[in-house]
Each structure stands twice: as C-alpha cells, then as structure tokens.
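Given next are the chains, with one letter for each unit.
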Amino acid sequence: MSRRWSKLFAFCVVLCASQSVWAYGDCDERTGRPDSMFRSDSSCDPDKGLVMVSIDQCGTFGSSTPAGDACFDPNDTRFSNGYRDTVFESRPFLCYTQGGQTKGTWLTESNMTGAISSRMDDGLLRSSFSYGGLQIDARFELDCTILKHCYSFTNTSSGIMNEVAITPYIDGDLYFGDSPVLSDDYGATANGSPKILWEFDDGDDPSEPSTFLGLQGLDSADEYLDSWEIGQYSEQKNFLSETYGGCQHLRNNIHWSDSSYDYYDYYDNTSNIDRNGDLITDRGFDVTLALRFDVGPLDVGQTEEVCYAVRWGVGLPCSDVDEDGACYPKDNCEFVFNPDQGDEDNDGIGDACDNCPKIANPDQSDSDQDGVGDACDRSPCTPDGGPEVCDGIDNDCDGLVDMLMDGTPVVTPGSCSTGLSGVCAVGEWQCVGGSTRCVPLVTPSEEVCDLIDNDCDGIVDEDVRNSCGTCGELPPETCNGIDDNCDGQIDEGDDICGPNRGCYQGQCLPKCIEGNCATKDTFCADNICVPWCLQSGCKEEGEVCGPSGCTKPCAGVICDPGQVCFKGDCVEDHCEYTGCKEGEICTSDGCKVDPCQGINCGTTGTSFCRNGECVFSCAEVSCPAAAACVDGLCVSAGCGPVGCQEKGQTCINNLCVTDPCEAITCGPAEICDRGECISNPCNGLRCPLHQTCVVTLGTAQCVADWPVIAPVDGGGLDPVDGGEADAGDAGSSDAGTVESDASGDSSVDAGQSQPEADAGTEDKDDDKGDDSSCAVNPGSRHNGAWPAFFAFAALATLRRRRK
C-alpha cells in the first residue's frame with residue numbers, strides 16, 4: 001500500500017473507532033524495538049534537544065519501516081513541546097558492479113536473505129550480514145543528537161568488485177512550529193568538507209530558527225564521498241534504486257520535480273532549484289537528502305569502511321555550517337564560529353579566521369604555511385630542499401612563488417574539464433593560490449541571446465529571448481502560413497511576396513489584373529489569382545497543382561532503370577526522393593507508418609514525439625565537457641575529461657579517432673553514425689518551432705535552432721546565423737552527435753518531415769510552426785494519471801505535503 005493510502009486508511013480507522021483524536025507527528029515513546037532503541041542520555045546538553053530512535057539491524061528507521069520513527073524534542077519554547085515524529089524513512093542503498101553486472105538493494109532486514117547477527121553493548125549496536133559477495137559489519141550509536149552509522153565492507157567473492165557504493169537516503173517529516181502539521185520543507189547544503197545536507201521545517205525565513213535534520217559524512221576530508229544531492233520524494237528514491245546503467249551517481253545539486261503524482265516522479269524532468277546560489281532551495285517541497293560514498297573497487301579479501309551521521313537540531317534555515325547565526329554567503333568565517341562577524345581590517349575575512357587580522361589580505365596568502373599570512377609575516381625564505389611545486393611557497397627561494405626559474409608556471413598546462421557547462425566547460429590546469437585548479441578558458445559572462453550558454457549555468461538563452469522565442473528583433477513576416485512576428489496575424493502585409501504577387505494560404509501567387517487572371521485554371525480571390533486545383537485537386541494521375549493550375553511535369557520524361565520521374569526530375573526510386581503519404585515516414589526500408597501520428601506533446605517546446613512517445617527536448621540544455629544531452633538530461637559521451645577537441649575527430653569506444661563517416665557514403669534515408677550506416681533517426685521527426693533534429697549517441701534529439709535577427713543598414717532586418725553551439729551548448733556535444741536529414745548528409749538540417757507523395761496538389765512545407773504538443777494517446781504509460789489525481793485530491797484534505 002502506498003504511503004498516502006496508508007495514512008488515509010489509518011485516519012479512517014481512528015475516526016471510525018472513535019477511541020482517540022489522531023494527530024500528525026505524535027511520537028509514541030513505547031514504540032520501537034528494545035534491542036535497538038537509542039535515547040539521548042543525561043550527559044547530553046538538553047538545550048540541543050533530545051532524540052529517541054529505534055533502528056533495524058541494517059541501520060534503517062522511520063515511520064514507514066517496522067523499526068519505527070525517529071523522535072525529536074527540540075526542548076525549545078518556540079516549538080511544540082515533547083517528542084515529535086521526524087523521519088518518514090531513512091535507509092541506505094547498497095550497490096556494486098562486478099563482471100559488468102550491477103546489483104543493488106536497500107539495506108533493510110527484510111531485504112537480507114541470510115542470517116543477521118547483532119548485539120547491543122553499552123549503547124553500541126553491532127550487526128553482521130551479507131549481500132551478494134560482500135560481508136557487511138555495521139555499528140550504530142547515538143551521540144546525544146547525532147546518530148552514527150559505520151559500515152565495513154569485505155569482498156568475499158572470487159573476483160574484483162569494480163564498484164561498491166553506499167548511498168544513505170533520508171525522507172524527513174518534521175512536525176514542529178506554531179501549527180505542528182506536515183508541510184513543505186526546505187533543503188540546504190554547505191561548501192566545505194565534510195559535505196553537510198540539511199532539511200528544515202518551514203524554512204522559508206533565514207532569519208528565523210527552524211528545526212532540522214542533517215546528513216553528513218564523518219570523515220572530515222570526505223575521502224569516500226562521490227556525489228551528493230538534495231532531491232524530492234519519490235523522484236530521488238526511484239532514481240537511486242535504478243541499476244541498469246550502473247550505480248547511480250548523484251547530481252551534485254539541489255533538484256526538484258514538479259510532478260503531482262508519486263509514480264511519475266521518476267519520469268519527470270528535474271531541475272535546479274537554487275538559482276540564486278545561496279545553497280538553499282528557492283521554495284519549499286517534499287525534501288529528501290542523499291550522499292553517495294564509494295568504497296570500491298575492492299580486491300578479493302579487501303576491506304574498507306565508511307561512516308556517516310544523521311543529526312537533529314534547531315538552527316537558521318540556510319547554509320550556516322559553524323552555527324553562529326550568519327548564513328552563506330554573508331558569513332565572513334564560514335567554518336569558524338564568530339557571531340559578531342568582526343572584521344578589523346575590512347578585507348572581507350572575519351577576524352576569527354583571518355591569518356592577518358590587522359592588515360588587509362583578502363587572498364590569505366601564507367607562503368611558508370606557518371599560519372600567519374604573508375602580510376604579517378616578514379620571515380626570510382628558507383629552502384626546503386625540494387623542487388618548486390604548486391603550494392603557495394617559494395620552495396627554491398628564487399623569489400618566484402609557484403614559478404620555475406625561467407618564469408614558466410610550475411603546473412604544466414593541459415586541457416581539463418571544469419565541471420561547468422557551456423563556454424566554461426573546458427579549462428586549463430593552472431596553479432592558483434597554491435592549489436592546482438582547472439581554470440575555464442572562457443569565464444562566465446552575462447547571458448546574451450546567441451544559442452550559447454554564456455553564463456555557464458546549464459541553460460541556453462534563458463530570459464533573453466523575445467516573445468517569439470528568437471533572438472534580437474522579432475522575425476519578419478513571410479508568406480508561409482505562420483505568424484512569424486507573433487502579432488496574432490498570419491501572412492499579413494502587401495509586400496511580403498514582392499511586386500505584383502500576393503500571399504494566399506502560405507503561397508506567393510500572381511495578383512489579379514483588373515479583377516481578371518491570365519489563365520482559365522485560376523480564379524481571382526482577395527485580388528490574387530488562385531489555382532482551382534488548390535480547392536479541388538488535380539484529376540489526372542501525374543498532375544501537380546502549380547500557380548497556373550494542374551500540370552504534368554513528368555510528361556515525356558524517360559528515366560534510367562532504377563529511377564522514376566518526380567516533379568519533372570529523374571530521381572532514385574526511394575521515398576527519400578519521392579516522399580511518403582500523409583501519416584507515414586520515410587526509412588531506409590521505405591515508407592512506414594508514423595508512430596507519432598496524432599500524438600500531441602504540448603506547445604511549450606519542452607518536449608517532442610519520438611517513436612510514439614513524448615520525450616524532453618534538449619533545446620535549452622547545456623552540458624559539461626565530454627557530456628551530451630539526451631532527452632533533456634546530460635549523459636556521458638565518452639572520451640573524458642574534455643571530449644574530442646580536434647576538428648574531424650569523434651569519440652568511439654571512449655577513444656578520439658578520425659571520424660570514419662568522412663569516408664562513408666550511406667544509402668537513402670540513412671546516416672553515418674560513428675562509422676556505421678543506420679536508418680536516420682531524424683527521418684519524419686518534427687521538432688518544436690525554432691528547434692532542429694540532430695543525432696546524438698544514436699538517438700534523435702531536438703536542439704536549439706532559433707534565429708538571431710539583428711538590424712541592418714537602412715532599418716531592415718538581417719537574420720544572423722547563430723553558428724554552431726560550443727561543446728555542451730544547446731544539448732550538443734563533440735562526441736557522438738551529428739546533424740542530419742534523410743539524405744545522410746551530416747551537415748544538413750534534419751528537423752523537417754519528408755516530402756509528401758503527389759496527391760494532385762503542389763507540395764507545401766507543412767512542418768513550419770509545428771509545436772508537437774503531447775496529449776498522450778491511450779495505451780501510454782501515463783494512463784493512470786486520472787485515478788492518481790482523484791486519490792491525491794482525497795488525501796489533500798488531510799495534509800499539504802505529498803508523500
């Protein structure tokens with residue numbers, strides 16, 4: 001039974017029994033297992049609050065588990081008195097990869113098939129169990145308000161385990177404040193080590209204290225930390241448990257999903273919700289916390305241990321690591337307690353952490369590393385006997401710090417991945433402030449509308465496009481059946497077709513002369529000579545409708561064997577040249593039924609139809625180096641850390657090689673992808689307006705193609721080619737991405753459908769302006785949306801926040 005139905009069922013049972021009034025967050029001190037119950041003892045400072053928690057033998061606890069909830073009494077008059085529930089579920093996910101296969105499980109007693117041995121001695125719970133080829137020895141203890149978990153992993157299998165990772169996950173439910181009910185929480189994190197994640201109750205005001213849950217590693221250097229994430233139930237939980245592509249790496253970000261239904265969170269796009277960079281969520285939602293620790297690879301018989309902690313407390317809802325009441329980025333000593341924020345020399349570094357508090361030295365340079373900044377340290381240089389290295393010290397006492405005697409840098413320059421997106425994706429190794437860092441070759445700048453992620457935030461041209469979704473001036477109106485300039489009118493203007501011509505249904509046709517037309521096959525409408533065949537079609541086989549009526553362009557044309565006449569020209573007898581009927585697409589095997597026929601993927605331009613399903617567009621996505629956008633998310637494209645930088649190279653089997661497609665000619669409706677001819681995935685695919693189709697890692701993706709229009713001399717408008725986006729921009733990548741059309745020419749746009757077969761009328765481009773909306777047809781995976789909606793509506797009367 002899902003969590004929300006369990007809550008609803010419990011609510012009804014209590015009301016019907018009429019035995020008591022049920023309140024959210026009540027914590028029954030009698031619940032829990034005596035053999036694994038922890039309580040804050042008398043030696044603890046009561047002002048920091050009291051914790052009571054029972055865990056199972058694998059370290060799992062929470063109100064959704066048989067172990068029971070974790071209870072916290074903040075012992076603070078600003079919050080409700082007594083113990084309250086705090087955790088819906090806290091459980092670690094164990095994952096390992098061996099021999100190319102990945103397996104994973106949540107560490108709970110019910111998931112362990114073998115025997116579990118445990119004992120509780122003087123407040124320390126020890127347990128032993130196994131999973132796959134791993135022997136796991138665990139110990140748990142409560143230090144006042146900090147619950148410590150330690151797991152020791154030993155490889156007892158017969159082969160190396162290439163990857164072993166444990167990811168603690170917490171979904172907190174905090175019932176405190178003036179109205180102790182379940183509500184949206186806020187998440188926050190910190191810059192330093194160990195990495196700390198917080199979940200705050202009603203944490204929308206950084207100046208007002210709030211109760212919190214915290215998750216952090218117990219190794220101050222975070223030796224085993226692989227990645228971290230503040231996410232949302234149940235998107236993050238579902239994400240963690242997927243192992244088909246290996247153990248999941250967390251996204252090193254604060255993410256949320258706007259889905260209204262638990263089941264669909266896994267399928268929804270997630271996005272960063274810390275846009276102002278203060279390390280706290282910009283809004284409240286159903287916060288979850290997760291850290292991934294890697295203890296692998298493990299050789300046979302090798303043992304590694306990792307420890308982390310869950311903590312409870314009261315503090316400001318922000319990044320305040322030292323808990324001195326000052327929030328990041330305003331805390332001038334982020335890791336040192338200094339509530340007065342004193343800064344005598346006004347250099348932005350608080351006196352409590354300034355290595356020279358009386359002389360301004362914002363760079364905190366300390367060449368001899370004696371704890372006293374160079375600005376206050378006048379001691380002579382003493383050679384240390386070693387070569388010059390990047391450490392902020394003049395090791396060889398030649399007067400050059402972190403430089404060789406000839407003035408060249410001590411760090412050999414080389415390309416590296418900065419971890420940023422867009423123009424900042426690739427950097428160069430440099431010695432900066434005594435540390436080797438990957439410095440971007442291009443630094444972030446203010447976002448401008450040019451199809452490039454200038455500010456390196458992972459989004460292309462955000463907040464700078466005009467009302468038409470293009471760059472610069474509004475596009476000029478043309479005769480195409482589309483409202484090009486977004487003024488609510490289509491094909492308006494007497495001069496858009498030039499002298500003596502007018503626009504009719506998206507076509508430029510001759511104007512009438514004194515109310516008459518030159519041929520009997522046309523009639524005058526709106527002062528434009530319109531072919532009758534536009535209304536009734538052509539009657540005879542082989543005829544096409546043109547400005548002067550029906551003609552037979554193939555009459556008398558004789559083509560060579562294997563060719564056919566199409567619109568007066570001899571072309572290869574394949575749908576790539578002759579087109580398909582409406583509702584079909586052209587493939588290398590000929591015309592096939594279009595699986596996207598009738599499917600609507602919305603008008604926002606964020607998704608498009610591919611193979612009968614709506615998938616997310618990559619138009620606004622910018623990726624780091626050696627990554628590519630696939631269905632709205634950045635994935636590895638291989639050839640790390642920076643991908644293939646040389647022109648004419650591509651990444652195949654994680655190696656940069658000369659692109660073999662340069663010497664390969666593919667057949668009709670095919671394209672060369674990493675040295676192989678495949679049926680062009682872009683054939684017949686319709687991208688949203690101002691987007692185009694490219695083939696990325698063998699899949700069709702829609703990327704940015706909005707025009708950049710700038711004024712030209714004389715006041716007119718000039719469409720400016722935005723150019724190829726830099727690596728990582730607009731969903732593109734330097735590895736595994738080609739731009740294509742049905743011809744297989746990798747330089748030709750592939751965003752348009754194939755030409756329709758002759759049906760007695762002149763062919764028109766009917767793809768322009770197609771926004772490919774997505775009202776998913778019956779049989780799709782979203783059919784359960786309406787039942788889920790009514791279930792959610794019933795539960796919404798009981799609680800604000802979805803679980």
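Here's what I pulled together on the structure shown here.

Analysis parameters
- Throughout this description, residue numbers start from 1 for each chain and increase along the sequence as written.
- Totals for whole chains, interfaces and linings use every residue, but because this is a predicted model, local features are given only for residues with pLDDT of at least 70 and side-chain atom pairs only at 80 or more, for both listing and counting.
- With hydrogens and water set aside, each side-chain value is computed from the structure's full complement of heavy atoms.
- The pairing test for Phe, Tyr and Trp rings, Trp by its six-membered ring, is centres within 6.5 Å, and the orientation test on the planes gives stacked under 30 degrees, edge-to-face over 60, and tilted for anything in between.
- Strands here are runs of E lasting at least two residues and helices are runs of H or I lasting at least four, both read from the DSSP assignment and numbered beginning at the N terminus.
- Residue exposure (1.4 Å probe, protein chains only): buried if accessible area is under 20% of the type maximum, exposed if over 50%, otherwise partly exposed.
- The term salt bridge refers to a side-chain nitrogen of Lys or Arg lying within 4 Å of a carboxyl oxygen of Asp or Glu.
- Disulfides are defined as pairs of cysteine sulfur atoms found within 2.5 Å of each other.
- Pairing between two strands requires that DSSP report at least two bridges joining them.
- Within this scheme a cavity is a closed region of a 1 Å grid, computed over the protein atoms alone, that accommodates a 1.4 Å probe without allowing it to escape, whereas a pocket is open but has protein on both sides within 12 Å along at least five of seven lines; lining residues each have an atom within 4 Å of a point.
- Grid points are joined across faces, edges and corners, and a volume is the space filled by probe spheres set on the points.
- Three classes are used: nonpolar for Ala, Val, Leu, Ile, Met, Phe, Trp, Tyr, Cys and Pro, charged for Asp, Glu, Lys and Arg, and polar for all others, with Gly counted as polar.

Some remarks on the packing of aromatic side chains
For the coordinates displayed, the defined rule picks out 13 aromatic pairs. Note on Y96 and Y131: the rings are 5.9 Å apart at their centroids and 70° apart in plane angle, and the pair reads as edge-to-face. Of this pair, Y96 sits in strand β5 (residues 87-98) while Y131 sits in strand β8 (residues 124-131), placing them 35 residues apart in sequence. In this structure Y96 comes out as buried when scored by relative accessible area, which is 5%. Y131 sits in the buried class, given a relative accessible area of 17%.

Considerations on the pattern of salt bridges
Throughout the structure, instances matching the rule amount to 19 salt bridges. Note that D226 and R292 form a salt bridge whose closest N and O atoms lie 3.5 Å from each other. A residue pair is termed long-range when its members are at least 10 positions apart, and D226 in strand β15 (residues 225-232) and R292 in strand β18 (residues 287-294) qualify at 66 residues. Given a relative accessible area of 29%, D226 falls into the partly exposed group. Of the residues examined, R292 reaches a relative accessible area of 0% and is grouped as buried.

Considering the state of the cysteines
Under the counting rule described, the total for this entry stands at 30 disulfides. Sulfur-sulfur distance for the disulfide between C416 and C438 comes to 2.0 Å. Its S-S torsion of about 100° marks the bond between C416 and C438 as right-handed, since a negative value means left-handed. Residue C416 is found in strand β20 (residues 415-417), and its partner C438 is found in strand β22 (residues 435-440); the two are separated by 22 residues along the sequence. Classification of C416 as buried rests on a relative accessible area of 2%. With a sulfur-sulfur separation of 2.1 Å, C666 is cross-linked through a disulfide to C677. Here the disulfide of C666 and C677 is left-handed, its torsion about the S-S bond being about -85°.

Comments concerning the sheet that holds strand β4 (residues 84-85)
If you trace the four strands from one edge of the open sheet to the other, you get β1-β2-β3-β4, paired in antiparallel fashion. Strand pairing shows two members of the sheet lacking a second neighbour, β1 (37-39) and β4, which therefore form its edges.

A short note on empty space enclosed by the protein
One pass over the full model with this rule turns up three cavities of 30 Å³ or more. Considering only enclosed or pocket space, the largest cavity measures out at about 70 Å³ in volume. Around the largest cavity, the lining residues are W198, F200, F212, V314, G315, L316, C318, D320 and E323. Those elements that provide at least two residues to the lining of the largest cavity are β13 (196-201) and β19 (303-315). Split by residue class, the lining of the largest cavity holds six nonpolar, one polar and two charged.

Taken by themselves, the reported measurements are silent on function.
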